[in-house]
Each structure stands twice: as structure tokens, then as C-alpha cells.
Amino acid sequence: MISEKVAALLNNQVNKEFYSSYLYLDFSNFYVDQGLNGFANWYKVQAQEERDHALLFMQYMQNNDLKVTLEAVDKPTVLLKENMDPLKAGLKHEIHVTGLIHNIYDAAYQEKDFRTMQFLDWFVKEQGEEETNATDLIKKMDLFGSDPKSLYMLDNELAARVYTAPSLVL
Ligand code: MG
């Protein structure tokens, strides 16, 4: 039995994951405008992953007979001017999302809701990877972003990212 508190946090996370998807589409659009289609591709794939996260939270709720309520998704309001801006905002956002996941985990832990804890384990690991990826992108932009040839090669590297379905199956 999942408590109302944990159910509300799971439902909220559905919205947050859709917001992440929306935010990364905004980043993707920014890079399209900059002519950096590789970066744009990278964030478009990232947006697809975030949509998958939302669907996984929905599926988990529905597998446990909980009603999902879809709320309005916030408008992305991060001011983007420099090529580095989305990357730094992305890391900040992932750290925020890690906090949200840990908060749900903590609520489940308090209530000995072992099923939800096990479900969230995948997301705890995933968040570690998201933060690492975001940090790596910042490092690469720091190193290569100011040299046009290097930026061109980095953009080509990011163009190669392809979407793959999440490894978690519910
Ligand atoms: Mg996510």
C-alpha cells in the first residue's frame, strides 16, 4: 500500500519530468538558433529521455492502482545567451531533480514502502549519470568552446547521440 504522501510526490514527479523534457527542448531550440545542430540533437534526445521518465512514473503509479493527475507544465524561463548557458543550467537542473528523487525516496523509506524504494533505485543511479554527463559537457565546452574548429568537432560528436529506450521496464 502506497501512502497518499508518497502518491502525491510520485504524481508531482510526473510533472517535473515533463518539465525537464520541456526545458531540454528549449535548450535544443536555442542551439538550433546558434547553428549548433549537434548540441541541439543532444538535448532533443535528452528531452525524449525525460519524457520517458515521466511515463515510467505514470506507469509505476498505474501498476499500483494510483490515479495520475496531469498538471500544467511550467514555461522554461532560463535566459540563454551564451553557448555555455544551457549546459550550466542543465547541471543545476539535474542537481535539483536529484534532490526531488531523494525526497521521494526519503518519504518511502520513512514509511517502509520498499516497493517504491526499489522503483526509485533506478532513478537514483540515473541521476548520478545525468549529473556526470552534464558536468562532462561543461568541461568540454570550457576546453574547446572558444576555438571554432574544436567547437565544430564537439558539435559533430554530440550529433551522434541517438535515442534509446530506458533500461527500466515496468
Ligand atoms: Mg529525469
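Residues numbered from 1 in each chain as written. Predicted model: local features only at pLDDT ≥ 70, side-chain atom pairs only at ≥ 80, totals over all residues. Heavy atoms only, no water.

Undergrad: Got a minute to help me understand the overall build of the protein in this structure?
TA: A tally of regular secondary structure across the protein gives five helices and zero strands. From first element to last, N terminus to C terminus, the protein shows the α and β order α-α-α-α-α. Computed over C-alpha atoms, the radius of gyration of the protein comes to 17 Å, within 12% of the 15 Å expected from 2.2 N^0.38 for 170 residues, which places it in the range of a compact globule. Scored against the burial criterion, the 170 residues of the protein give a buried share of 46%. Taking all contacts inside the protein whose residues are at least 6 apart in sequence as the whole, residues at least 24 apart take part in 81%. By element, 54% of the accessible surface of the protein is carried by carbon and sulfur atoms, the whole surface being about 9600 Å². One way to put it: in the protein the 16 positive side-chain charges average out to a point 1 Å from where the 26 negative ones average out. (Helix = DSSP H or I, 4+ residues; strand = E, 2+ residues; numbered from the N terminus. Rg over C-alpha atoms; globule rule 2.2 N^0.38 Å. Buried < 20%, exposed > 50% of the residue type's maximum accessible area, 1.4 Å probe, protein only. Contact = heavy atoms within 4.5 Å. Areas by Shrake-Rupley, 256 points an atom, 1.4 Å probe, with all protein chains shown as cover. Lys, Arg positive; Asp, Glu negative; His and termini not counted. Charge placed at Lys NZ, Arg CZ, Asp CG, Glu CD.)

Undergrad: So what exactly am I meant to see when it comes to the coordination of the magnesium ion here?
TA: The expected angle between donors at a tetrahedral four-coordinate metal is 109.5 degrees. At an octahedral six-coordinate metal it is 90 or 180 degrees. Within the protein, Glu17 (OE), Glu50 (OE) and His53 (ND1) serve as the donor atoms for the magnesium ion, at 2.1 to 2.2 Å. For His53, a relative accessible area of 2% translates into the label buried. (Donors = N, O, S within 2.8 Å, 3.2 Å for Na, K, Ca; no water.)

Undergrad: So what exactly am I meant to see when it comes to helix α1 (residues 4-34) here?
TA: Structurally, the α-helix is built with 3.6 residues per turn, so residues lying three or four positions apart point the same way. Relative to the 45 Å expected for 31 residues at 1.5 Å per residue, α1 spans 45 Å between its end C-alpha atoms, a close match to the ideal helical length. Gly35 lies just past α1 and shows a positive phi near 80 degrees. (Expected span 1.5 Å × (residues − 1).)

Undergrad: I keep staring at the layout of surface pockets and nothing clicks. Help me out?
TA: If you roll a probe as big as a water molecule over the atoms, it shows you where there is empty space left. Quantified by volume, the largest pocket comes out at close to 240 Å³. For the lining of the largest pocket, the element with the most residues is helix α4 (residues 114-144), which contributes seven residues. Taken together, the residues that form the lining of the largest pocket break down as three nonpolar, four polar and eight charged. Of all the elements in the fold, those that place two or more residues in the lining of the second largest pocket are α1 and α3 (85-110). In terms of residue count, the dominant contributor to the lining of the second largest pocket is α3 (five residues). Among the residues forming the lining of the second largest pocket, the class breakdown is four nonpolar, two polar and two charged. (1 Å grid on protein atoms, 1.4 Å probe; cavity = no way out; pocket = protein on both sides within 12 Å on 5 of 7 lines; lining within 4 Å. Points joined across faces, edges and corners; volume = space filled by probe spheres on them. Nonpolar A, V, L, I, M, F, W, Y, C, P; charged D, E, K, R; others polar.)

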